[in-house]
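Given next are the chains, with one letter for each unit.
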Amino acid sequence: MEDNRKADGLQALGAKTQYRMDYAPEVLETFVNKHPDNDYWVQFNCPEFTSLCPITGQPDFAEIRISYVPGERMVESKSLKLYLFSFRNHGDFHEDCVNIIMKDLVKLMNPKYIEVTGIFTPRGGISIYPYANYGRPGTRYEQLADTRFARHGL
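Just so you know, these numbers come straight off a predicted model, no measurement behind them.

## Points about the overall build of the protein
The number of helices and strands found in the protein is four helices and six strands. Principal-axis analysis of the C-alpha atoms places the extent of the protein at approximately 50 × 40 × 20 Å. Here the protein holds 154 residues, and 41% of them are scored as buried. For the protein, the share of sequence-separated contacts (at least 6 apart) that also reach a separation of at least 24 residues comes to 65%. When the accessible surface of the protein is totalled, it reaches about 8800 Å², and 52% of it is carbon and sulfur. Here the protein carries 18 positive and 20 negative side-chain charges, and the mean point of each set is 3 Å from the other.

As structure tokens, this is what we get:
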């Protein structure tokens, strides 16, 4: 594993964990997808996501679900964990967090398709479940994004 980690330029995997206390997209790392000609799903569930309400400063808790069809690069899971942890002291609304996560991952790895869902615990008696998706423009994945978005929640 050490040789593959170094060959892919990965820094976080296998290293001592350093947690950031501020929003840190720069901790995200990728590695080469060995099967870019195949379409397949990769799903991450982060049941311990926390961020702060930008108005009250109170903590918000959620499960973040990320599903994507990789292109040439894939996100490395430990760096993703550190990235999601960096929201712990970040103040943004639920909807903003989900969209920021999706946009950061699109910028990082240019997936064929990606969707991010936040399942936030109730506050004040209301649950919020924001959903954002993206399909690579000009490809069939753009149509997949349109279809899945239109059918979301049905």
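Continuing now.
## What to know about the nonpolar core
Counting 29 residues, the largest nonpolar core has F49, I66, L80, I101, L105 and I114 as its most contacted members. Looking at this core element by element, the count peaks at seven residues for helix 3 (residues 94-109). When sequence neighbours within four positions are dropped, the list of residues in contact with F49 reads D60, F61, A62, I64, L84, F87, C97, I101 and F120. Membership of the second largest hydrophobic core comes to five residues, among which are Y113, Y131, Y141 and A145.

## Examining the state of the cysteines
For the coordinates displayed, the defined rule picks out zero disulfides. Here C46 stays free of any disulfide, with the sulfur of C97 as its closest cysteine sulfur at 12 Å. C53 takes part in no disulfide bond, and the closest cysteine sulfur, belonging to C97, lies 10 Å away.

## A short note on the UniProt feature "binding site: substrate" (unreviewed entry) in the protein
On the UniProt side, "binding site: substrate" (unreviewed entry) is annotated at positions that read V75, E76, S77, H94 and E95 here. Spanning 21 residues, the named residues do not form one spatial group; their C-alpha atoms are separated by as much as 24.1 Å. As for the largest pocket, its lining draws on S77 from among the annotated residues. Along the chain, V75 falls in strand 4 (residues 73-75).

## With respect to the environment of I114
Within the secondary structure, I114 is located in strand 5 (residues 113-120). Residues I114 and I66 lie 48 residues apart in sequence; the distance between their C-alpha atoms is 7.3 Å. Setting aside chain neighbours within four positions, we find I114 in contact with I66, S67, Y68, M102, L105, V106, M109, A132, N133 and Y134.

## Things to note about the UniProt feature "active site" (unreviewed entry) in the protein
Annotation from UniProt places "active site" (unreviewed entry) at C53 and D60. Position of C53 among the secondary structure elements: in the loop between strand 2 (42-52) and strand 3 (59-69). If near-sequence neighbours (up to four positions away) are discounted, C53 is found in contact with Q58, D60 and R123. The buried category is assigned to D60, whose relative accessible area is 5%. The residues contacting D60, other than those within four sequence positions of it, are F49, T50, S51, L52, C53, H94, F120 and R123.

Conventions and cut-offs
- Residues numbered from 1 in each chain as written.
- Predicted model: local features only at pLDDT ≥ 70, side-chain atom pairs only at ≥ 80, totals over all residues.
- Heavy atoms only, no water.
- Helix = DSSP H or I, 4+ residues; strand = E, 2+ residues; numbered from the N terminus.
- Buried < 20%, exposed > 50% of the residue type's maximum accessible area, 1.4 Å probe, protein only.
- Contact = heavy atoms within 4.5 Å.
- Areas by Shrake-Rupley, 256 points an atom, 1.4 Å probe, with all protein chains shown as cover.
- Lys, Arg positive; Asp, Glu negative; His and termini not counted.
- Charge placed at Lys NZ, Arg CZ, Asp CG, Glu CD.
- Core = buried A, V, L, I, M, F, W, Y, C linked by side-chain atoms within 4.5 Å.
- Disulfide = S-S within 2.5 Å.
- UniProt positions renumbered as here; feature names shortened; annotations may be inferred.
- 1 Å grid on protein atoms, 1.4 Å probe; cavity = no way out; pocket = protein on both sides within 12 Å on 5 of 7 lines; lining within 4 Å.

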